[in-house]
Amino acid sequence: MAQKIITPQGVVYLDGRLTDGQTRCVHYHSGPDVIAIRFKCCNTYYPCYQCHAELAGHEARLWEKAEYRQLAVLCGVCKNQLTIAQYLACGNKCPACGAAFNPNCSRHHHLYFGT
Ligand SMILES: [Zn+2]
Ligand SMILES: [Zn+2]
Ligand SMILES: [Zn+2]
């Protein structure tokens with residue numbers, strides 16, 4: 001069941017195999033694993049692509065480069081949403097609260113952000 005999250009940029013939905021209130025999940029739960037990504041296919045935030053694959057019941061659709069100004073990354077610490085462009089340029093640190101994001105996520109960007 002997706003949960004409703006109130007962010008400074010509006011109400012969003014978060015689903016996944018969450019393990020805490022900062023968007024860590026059963027797959028990625030180290031200290032800096034605190035972002036969720038909004039999937040274009042279902043307009044829902046998930047902590048990772050595996051959560052989406054296990055729970056969504058459909059194929060993930062990737063964001064296209066022309067859509068990088070969409071709010072699609074949620075900071076699990078302060079619940080601010082970032083655009084994809086802001087996230088990719090943030091140096092693995094939340095621009096709103098300074099929380100550290102896991103730099104290893106960049107190895108998986110192709111599973112979320114297309115061309
Ligand atoms: Zn989806
Ligand atoms: Zn996950
Ligand atoms: Zn933050």
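Note: the structure precedes this text.
Rules used throughout
- Residues numbered from 1 in each chain as written.
- Chains lettered and ligands numbered in written order.
- Predicted model: local features only at pLDDT ≥ 70, side-chain atom pairs only at ≥ 80, totals over all residues.
- Buried ≥ 20, exposed ≤ 12 C-beta atoms within 10 Å, placed from the backbone.
- Helix = DSSP H or I, 4+ residues; strand = E, 2+ residues; numbered from the N terminus.
- Pairing = 2+ DSSP bridges.
- Core = buried A, V, L, I, M, F, W, Y, C linked by C-beta atoms within 7 Å.
- Contact = placed C-beta atoms within 7 Å.

Take the pairing of strand S3 (residues 35–39) next. Across the five residues that make up S3, a large majority, five, are buried. Burial along S3 is two-sided: Ile-35, Ile-37 and Phe-39 facing one way and Ala-36 and Arg-38 facing the other are all buried. The pairing of S3 with strand S5 (residues 71–75) spans three bridges and is classified as antiparallel. Looking across to S5, one finds that Ala-36 is bridged to Leu-74. Across three bridges, S3 lies against strand S4 (residues 44–46) in antiparallel orientation. Looking at the pairing, Ile-37 lines up with Tyr-46 of S4. As consecutive antiparallel partners, S3 and S4 are separated by four residues, and within that stretch Asn-43 has a phi angle of approximately 60 degrees, a positive value.

Counting 24 residues, the largest nonpolar core has Ile-35, Ala-36, Ile-37, Tyr-45, Tyr-46, Val-73 and Leu-74 as the members making the most contacts within it. Put simply, the parts of the chain that give this core at least two residues each are strand S2 (10–14), S3, S4, S5 and helix H2 (84–88). Leaving out residues up to four positions away in the same chain, Val-73 has contacts with Ile-35, Ile-37, Gln-81, Leu-82, Ile-84 and Tyr-87.

Turning our eyes to something else, we now look at the environment of Gln-3. Take Gln-3: it is sitting in strand S1 (residues 3–7). C-alpha of Gln-3 to C-alpha of Leu-14: the two residues are 11 residues apart in sequence and 5.2 Å apart in space.

Glancing now at the pairing of S1. Burial of S1 is sparse: only zero of the five residues sit out of reach of the surface. Pairing of S1 with S2, which is carried by five bridges, proceeds in the antiparallel orientation. By the bridge assignment for S2, Ile-5 is matched with Val-12. Between S1 and S2, which pair antiparallel and follow one another directly, the connecting turn spans two residues.

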